[in-house]
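Listed here are the chains, written in short residue letters.
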Amino acid sequence: MSEWKQRCESEWSLQGAPMPGSLDWKSVFDARPLGRNLLKNPSPHGLSKDTPPPEPDLPEFPTHGPPRFQPDGDFSDWTTSLEVLPYDMSGIPEGAVVCELPQCSWFTMEQVVDLKAEGLWDELLDEFQPEILIQDWYEESQLHASIYQLQVKLLGADKSTVISEHSVNPSEDLSNYSHNWKEVSHVFSGYGPGVRYVHFQHRLKSQFMMEFYTTLFTGSSVMVRPTKTSS
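Here we summarise the structure given alongside this text. As the structure is a computational prediction, the values presented were derived from the model and not from experiment.

Let us look at the overall build of the protein chain. Along its length, the protein chain carries three helices and nine strands. Order of helices (α) and strands (β) in the protein chain, N terminus to C terminus: α-α-β-β-α-β-β-β-β-β-β-β. Across the 231 residues of the protein chain, 41% fall into the buried class. Of the contacts made within the protein chain by residues no fewer than 6 positions apart, 78% connect residues no fewer than 24 positions apart. As presented, the protein chain carries roughly 12100 Å² of accessible surface, and 49% of it is formed by carbon and sulfur atoms.

A few words on the side chain of His-179. For His-179, the position within the fold is in the loop between β5 (162-168) and β6 (181-188). Looking at His-179, its side chain comes within polar contact range of the side chain of Glu-55, at 3.1 Å.

Bringing the environment of Ile-134 into the picture now. Here Ile-134 is to be found in strand β3 (residues 132-139). Exposure remark for Ile-134: the relative accessible area of 1% places this residue in the buried category. C-alpha separation for the pair Ile-134 and Val-222, spaced 88 residues apart in sequence, amounts to 4.9 Å. In contact with Ile-134, other than residues within four places in its own chain, are Leu-150, Val-152, Val-184, Ser-185, His-186, Phe-188, Val-198, Phe-200, Ser-221 and Val-222.

With that settled, consider the packing of aromatic side chains. Centre distance and the angle of the planes are the two values used to describe a pair of aromatic rings. Here the structure, examined in full by the defined rule, presents eight aromatic pairs. A centroid spacing of 5.3 Å and a plane angle of 50 degrees characterise the contact between Trp-4 and Phe-29, whose relative ring orientation is tilted. With Trp-4 in helix α1 (residues 3-11) and Phe-29 in helix α2 (residues 25-31), this residue pair connects regions lying 25 residues apart in the sequence. Judged by relative accessible area, Trp-4 falls into the partly exposed class, the value being 24%. A relative accessible area of 5% places Phe-29 in the buried class.

This structure, assessed with the given rule, holds twelve salt bridges. Across the salt bridge formed by Arg-196 and Asp-126, the nearest N and O atoms sit 2.8 Å from each other. Taken together, the residues Arg-196 in the loop between β6 and β7 (197-209) and Asp-126 in helix α3 (residues 122-128) connect sequence positions 70 residues apart. A residue is classified by how much of its surface remains accessible, and Arg-196, at 11% relative accessible area, is buried. Judged by its relative accessible area of 22%, Asp-126 falls in the partly exposed class. Lys-182 is paired through a salt bridge with Glu-172; the nearest N and O atoms lie 3.2 Å apart. Here Lys-182 is found in strand β6, whereas its partner Glu-172 is found in the loop between β5 and β6, with ten residues between them in sequence.

Buried residues dominate β7, accounting for twelve of its 13 residues. As paired strands, strand β2 (residues 103-114) and β7 are joined by twelve bridges and run antiparallel to one another. The residue bridging Thr-108 from the neighbouring strand is Arg-203, located in β7. By the bridge criterion, eight bridges tie strand β4 (residues 148-155) to β7 in an arrangement that is antiparallel. Within β7, the residue paired with Gln-151 across the bridge is Gln-201. In the sheet, β7 pairs with strand β8 (residues 211-213) via three bridges, with the strands oriented antiparallel. Across the sheet, residue Phe-208 finds its bridge partner in β8, namely Phe-212. Here β7 folds back onto β8 in antiparallel fashion, the turn holding one residue, of which Met-210 has a positive phi close to 70 degrees.

Cut-offs applied
- Residues numbered from 1 in each chain as written.
- Predicted model: local features only at pLDDT ≥ 70, side-chain atom pairs only at ≥ 80, totals over all residues.
- Heavy atoms only, no water.
- Helix = DSSP H or I, 4+ residues; strand = E, 2+ residues; numbered from the N terminus.
- Buried < 20%, exposed > 50% of the residue type's maximum accessible area, 1.4 Å probe, protein only.
- Contact = heavy atoms within 4.5 Å.
- Areas by Shrake-Rupley, 256 points an atom, 1.4 Å probe, with all protein chains shown as cover.
- Polar contact = N/O pair within 3.5 Å; in protein donor to acceptor, adjacent residues only side chain to side chain.
- Phe/Tyr/Trp six-rings, centres within 6.5 Å; stacked < 30°, edge-to-face > 60°.
- Salt bridge = Lys/Arg side-chain N within 4 Å of Asp/Glu carboxyl O.
- Pairing = 2+ DSSP bridges.

So, in structure tokens, the structure goes:
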């Protein structure tokens with residue numbers, strides 16, 4: 001066994017995992033595909049889950065400006081899209097005069113992780129099937145009962161065949177004010193052979209009414225664990 005193959009096996013506890021001699025193990029070791037976040041630019045707002053999210057800046061005398069629906073941030077490495085939602089007229093009595101209504105929007109961010117390009121190999125993914133950990137943190141913005149959605153798919157080599165998927169669509173408790181980071185996580189295991197890509201997509205809600213307010217996120221992560229853990 002080559003020195004680099006031994007180092008990979010030892011450092012990542014891959015005893016018993018398929019490690020074909022045809023691989024360039026120095027390149028695998030340098031890529032370090034196991035135990036690191038495979039998403040790029042995981043915190044576009046420059047925030048950390050270890051620090052409470054900033055309180056919204058509430059102006060004393062809000063001024064009416066042009067509608068705005070997309071949050072600020074450096075979203076490089078993310079594919080983004082925007083969905084402006086219609087006004088919610090429910091609960092308004094017939095004939096009532098309404099001067100202002102909040103208008104909401106979903107801001108969608110997604111990335112596709114190429115597992116082999118990150119240094120993983122076919123035999124490991126197909127036979128050993130290491131755990132794939134998904135993690136995300138979103139702000140309790142109190143904007144709406146539904147402010148966050150997550151969908152993650154494990155895809156085959158054609159980038160379209162879905163081998164396994166996980167979705168999250170939580171409801172927020174608006175009865176008490178709370179403004180913290182909320183963790184969302186999931187572990188894919190025993191997902192079967194053929195996985196080559198991870199499609200990570202989350203949506204966060206913003207709201208505009210004279211001023212713009214959004215739901216922040218931080219610490220998005222896709223990580224392949226060095227070893228499988230027993231449940």
